[in-house]
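Each chain is listed here by its residues.
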Number of protein chains: 4
Amino acid sequence: MERLLRKCQIRNQLVRECLAECLGVYVLILFGCGSAAQVTTSQDKNGQYLSINLGFALGVTFGVFVSRGVSGAHLNPAVSLSLCALGRHPWMKLPFYVFFQVMGAFLAAATVGLQYYDAIQAYSGGELTVTGPTATAGIFSTYPAAYLSLWGGVVDQVIGTAALLMCVLALGDQRNSPLPDGLQPVLVGAAVLVIGVSMGSNSGYALNPARDLGPRLFTYIAGWGVDVFKAGGGWWWVPIVAPCVGALLGTLIYMLMIEVHHPSLSELHTSCQEATEEKAGVELEGVKPHCVKPSTKM
Amino acid sequence: MERLLRKCQIRNQLVRECLAECLGVYVLILFGCGSAAQVTTSQDKNGQYLSINLGFALGVTFGVFVSRGVSGAHLNPAVSLSLCALGRHPWMKLPFYVFFQVMGAFLAAATVGLQYYDAIQAYSGGELTVTGPTATAGIFSTYPAAYLSLWGGVVDQVIGTAALLMCVLALGDQRNSPLPDGLQPVLVGAAVLVIGVSMGSNSGYALNPARDLGPRLFTYIAGWGVDVFKAGGGWWWVPIVAPCVGALLGTLIYMLMIEVHHPSLSELHTSCQEATEEKAGVELEGVKPHCVKPSTKM
Amino acid sequence: MERLLRKCQIRNQLVRECLAECLGVYVLILFGCGSAAQVTTSQDKNGQYLSINLGFALGVTFGVFVSRGVSGAHLNPAVSLSLCALGRHPWMKLPFYVFFQVMGAFLAAATVGLQYYDAIQAYSGGELTVTGPTATAGIFSTYPAAYLSLWGGVVDQVIGTAALLMCVLALGDQRNSPLPDGLQPVLVGAAVLVIGVSMGSNSGYALNPARDLGPRLFTYIAGWGVDVFKAGGGWWWVPIVAPCVGALLGTLIYMLMIEVHHPSLSELHTSCQEATEEKAGVELEGVKPHCVKPSTKM
Amino acid sequence: MERLLRKCQIRNQLVRECLAECLGVYVLILFGCGSAAQVTTSQDKNGQYLSINLGFALGVTFGVFVSRGVSGAHLNPAVSLSLCALGRHPWMKLPFYVFFQVMGAFLAAATVGLQYYDAIQAYSGGELTVTGPTATAGIFSTYPAAYLSLWGGVVDQVIGTAALLMCVLALGDQRNSPLPDGLQPVLVGAAVLVIGVSMGSNSGYALNPARDLGPRLFTYIAGWGVDVFKAGGGWWWVPIVAPCVGALLGTLIYMLMIEVHHPSLSELHTSCQEATEEKAGVELEGVKPHCVKPSTKM
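Residues numbered from 1 in each chain as written. Chains lettered and ligands numbered in written order. Predicted model: local features only at pLDDT ≥ 70, side-chain atom pairs only at ≥ 80, totals over all residues. Heavy atoms only, no water.

For chain A, the name recorded in an unreviewed UniProt entry is Aquaporin, with Sparus aurata as its organism. Here chain A is described in UniProt, under the heading Subcellular location (unreviewed entry), as follows: "Membrane". In its Sequence similarities (unreviewed entry) section, the UniProt record describing chain A reads: "Belongs to the MIP/aquaporin (TC 1.A.8) family." (UniProt positions renumbered as here; feature names shortened; annotations may be inferred.)

Given below as structure tokens:
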């Protein structure tokens, strides 16, 4: 079978990247919204808020595993935007990435809708509502808590996405605290977990325009209707715009407080040369020498 | 003692593999069904739904640790089937693997039945039932939720197993996001955790014909009787057939969207040659160069 | 200060190992019984059964980190016994190890008693009881559930400790699924977590004579009195004897089903020679070649 | 943009370290107090005590990731003090580190206050109180349980911080159980998790003068008033003084029971020379030979 499949090989780099982003976001939303569906329709019997946090966190982890080697595993238009702004990703690819991210989220929401069709029917008595005691739209996309003002929601999403980007940039900054390459997906998931645990209460930590818009479009089409855009005082645009602002802000903070101050590699080379010459054997063991380290690490 | 034991050494490769598969599934079910027994008989006092998810997840992790170096740790007929279909495992071995997987699950269910004998007697008042308020058959094998239609159950198991295979194939795909070899068992467990958290509600995420059939046979023999096959409208065949379909589907999706498009190693070689020549020292540090990587990783 | 401390250096190997075992078990019980104290005295408000599982699991992890490089981190008389039986640890050292393991557990129980003195007084109204609604002896050592027969308890502890040893031996078996050396403490903790989640209900998963006897002696002296030995029908000897039997049983099962059948290194060498000669470069990257591997790993 | 930012590069080592400590503690408190805010204002609906433990644990993990390569990631005046006492950090830098640690905590508390402004208003009915049924000061800094005596609180904090330092020193002790460098942040977080799970009940496991004082100053200014210093019988100084004592005590215990007894490297060299000469190839694979190891590791 493997030989047969190989005939379908696509060599175009951008197409491969778009497929990977699509499948990555698909996995993220399949597990994330799936766990929300499980908790909602079982009325907290088969899971609680923490298991939704776990669902999105491990959803991100496996979404990254599925796509990282091909597309870099952005999985989030706000992340793609930040990387473009930093000059680490070509602007030209941005619209393609975003489109396929949203499409992956849409398809995953449809899959969750299919898998939980019976459960949602039983829980909601067949009525697909956005608000009320048996509302089920919150399984798919985010809505603000009753107490939250619109500007409070914007602030919430800006802070949350800024925190995400600070963590993600720190994990990828080889001159700060390098971690074994294969573990980055796990720790990006852990970042999403801690944000869910500490910033999920106000408006459900979308942090990601594709994660929110794709499933919202699905609910719009699949029977929840135009309420999904009207609810929460027209909330829908906040998880699209605010994460982009937050991502840029978080990038700026991390760059200005940490990354730009790293000594450049050439400086490091000069000051390390003597040290490294005498411990060449150590270098072979995979430990990169951090010459300019000031004091004992915690 | 070690010298004494060495006399029992078996050199036949297939026998060793079958023993390993048997012990691997045994560990998986011992912890998995054990946690279900703990939650059920303690009436949620000594654990909740999440701890059953943890039991199966870490059960898989240690099942893989126990058997991986010998048999490759399939632990699941649906996984064995997919690997055969992909040409990565000989079809000839398939029936042996499947038989010993089911046997391991059967023996583990018997062990759980023994360990929780007093607890099950106390909880159920001595009556071993498949349905009703003190039903205990669900400790061992899966039954659908009351609201679930049969076809809904098939769809549920197909989607769940497809998701499992996508994760497992991504973890093993060295040209995507390679992870430190010794951590694969942990992350396969994490995949099972996230599926339990997001897809456990409908019918208990069997995902594995051996995991379901072995314990069901035990309950049939041990006093629950023929109801274990009749309950849920003859549910028993769904977690046998649907996971096989789902595993093949998940394999197909991952192959078609990601793996077949990886540049072949020879292509990589050509385009990387120059790069790798100048950083031969880096290669020694165990970092495989990903030459065709398009953009910054998340 | 470091120079000053260095004057206290002890060079005797056995004394160093005993100190390490003592501190290792101390850390294990400090966190383990501490979490039980927290859940009991806060009446499930500041934690639930799962957090006790986490307390013992991470207690083991950090107990191993604290002592592994010095004494090998047995932290459990039943583990020491099994390693002696396997010929991997000298019998002569066994009594010393066991004594210091029990002492570490005793001292840690005393520390928990001190740290939670006010809380225990407030919770129990000043009466230190072994049974009844405000019993607090269960914070320190294990007692069987009301439904459990004595032989049921023995079976429970034998199965639990056998499962522990199977996991621990698999983690340490370099010819099965080798994992990065530094992660063994984490995964030994994970084994204790999954046992707690799946086998904690009947009698509190002591699995370790030192873990149970040390704190029991503390409660005997500190005011709970002779009831700690009388309760549960004279339960106290079960978590001492049964784990030793279980550990030997688990060792036997793992050895007979997996480890003795590994091809000896010399056999491996012969059959691998050709393969390894041509990929000498790969070997340098830290990947040990598993030549006799039959099929694709999961 | 990256080029533009590079113009802001600061080359002064101490300034860079202070910025890193500030951002590290900021991340720690943002996630830690954020999770407390979420649990408090959602009245345990969107998380429970365990999720606060997770928030502080992963807060520490990402705080360390953000700052470790630059400042060594102390993130805690008590840790800085211990390292100074051990001679591993210059005393001269201590006041700078402490000031920026407190500032980071203050700024993070302000951010949490901003992000949860609407939620706190809704939960407390607009009244910012330190005690009573809708008290919200506990979101930011620690207060003792009603039953806790002042000296009980001091003992609690001393034991907790001593346990923290024992774990942290063991993780960093390359001659004990070395772990992959990049995973230290994760395991320092795990240490904080297990302390939260086992020692959080009495007085909220501050363990860190900056973590407690910074947010307390914020609440003092932001409307909770002078009660934040008066409550708990003038509790505020305990989480400042006791952690310093505890950190020194834990350091002393670990050094005296484990680290000072390690054979010095020169001794190791002599006794290992023969062994290492014949397995030079193994050394290249990154496995440091532990020659003096007495027995099989657990």
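Summing up its helical and strand segments, chain A has 13 helices and zero strands in all. Seen in sequence order, chain A has helices and strands lined up from the N terminus as α-α-α-α-α-α-α-α-α-α-α-α-α. Looking at the 298 residues of chain A, the share that counts as buried comes to 62%. Pairs at least 24 residues apart make up 77% of the contacts formed inside chain A by residues separated by at least 6 positions. Just so you have it, chain A exposes about 10,300 Å², and 65% of that area is on carbon and sulfur atoms. (Helix = DSSP H or I, 4+ residues; strand = E, 2+ residues; numbered from the N terminus. Buried < 20%, exposed > 50% of the residue type's maximum accessible area, 1.4 Å probe, protein only. Contact = heavy atoms within 4.5 Å. Areas by Shrake-Rupley, 256 points an atom, 1.4 Å probe, with all protein chains shown as cover.)

Another point: the interface of chain B and chain C. The extent of an interface is frequently quoted as the accessible surface area lost upon association of the parts. Facing 69 residues of chain B, the contacting portion of chain C comprises 63 residues. Summing the contributions of chain B and of chain C, the shared interface buries around 5,600 Å²; its carbon and sulfur component is 65%. Taken together, the links from chain B to chain C amount to zero salt bridges. Where chain B packs against chain C, one counts 17 residue pairs in polar contact (both at pLDDT 80 or more). Where the side of chain B that touches chain C is concerned, the elements lending two or more residues are α1 (2-6), α2 (13-41), α3 (49-71), α5 (94-115), α6 (117-124), α8 (184-199) and α13 (280-284) of chain B. Counting residues per element, the side of chain B that touches chain C draws most heavily on α3(B), at 16 residues. Classifying every residue of the side of chain B that touches chain C by side-chain character gives 31 nonpolar, 25 polar and 13 charged. (Buried area = accessible area lost by both parts, 1.4 Å probe. Salt bridge = Lys/Arg side-chain N within 4 Å of Asp/Glu carboxyl O. Polar contact = N/O pair within 3.5 Å; in protein donor to acceptor, adjacent residues only side chain to side chain. Nonpolar A, V, L, I, M, F, W, Y, C, P; charged D, E, K, R; others polar.)

Here, the word disulfide means a covalent bond between the sulfur atoms of two cysteines. All names here are of chain A. A full pass over the atoms with the stated rule returns zero disulfides over all chains. C22 provides the cysteine sulfur closest to C18, a residue in no disulfide bond, and the two sulfurs are 8.9 Å apart. The class of C18 is buried, set by a relative accessible area of 3%. (Disulfide = S-S within 2.5 Å.)

What follows concerns the UniProt feature "transmembrane region" (unreviewed entry) in chain A. All names here are of chain A. Here the UniProt feature "transmembrane region" (unreviewed entry) sits at residues 20-37, 49-66, 96-117, 150-171, 183-207 and 234-256. The straight-line gap between the two end C-alpha atoms of residues 49-66 is 26 Å; of that span, 100% is helix and 0% is strand. Secondary structure content for residues 96-117 is 95% helix and 0% strand, while the C-alpha to C-alpha distance between its ends is 31 Å.

The next point concerns the interface of chain D and chain A. Taken residue by residue, the interface counts 68 residues in chain D and 63 residues in chain A. Taking both partners together, chain D and chain A bury about 5,500 Å²; carbon and sulfur atoms supply 65% of that area. At the boundary of chain D and chain A, one finds zero salt bridges. At the boundary of chain D and chain A, one finds 17 residue pairs in polar contact (both at pLDDT 80 or more). Counting only elements with at least two residues in the side of chain D that touches chain A, the list comes to α1 (2-6), α2 (13-41), α3 (49-71), α5 (94-115), α6 (117-124), α8 (184-199) and α13 (280-284) of chain D. Here the side of chain D that touches chain A gets 16 residues from one element, more than from any other, and that element is α3(D). Of the residues assigned to the side of chain D that touches chain A, the class counts are 31 nonpolar, 24 polar and 13 charged.

What follows concerns the relation of the copies chain B and chain C. The transformation that overlays chain B on chain C combines an axial shift of 0.0 Å with a rotation of 90°, and the residual RMSD is 0.0 Å. Such a combination of rotation and displacement between the chain copies is what one expects of a four-fold axis. Interface residue correspondence from chain B to chain C reaches only 7%, placing this contact among heterologous pairings that use different surfaces. (Least-squares fit on C-alpha atoms with pLDDT ≥ 70 in both.)

Right, let's get into the confidence of the model for chain A. All names here are of chain A. The predicted model of chain A has a mean per-residue pLDDT of 89, with 88% of residues at 70 or higher. Per-residue pLDDT, averaged within each element of chain A, yields its smallest value for helix α13 (residues 280-284) (36) and its largest for helix α5 (residues 94-115) (98). Between residues 271-298, whose pLDDT stays under 50, and residues either more than four places distant or in other chains, the model counts 48 contacts. Here the complex is predicted with pTM 0.91, and the ipTM for its interfaces comes to 0.89. (pLDDT = per-residue confidence, 0-100.)

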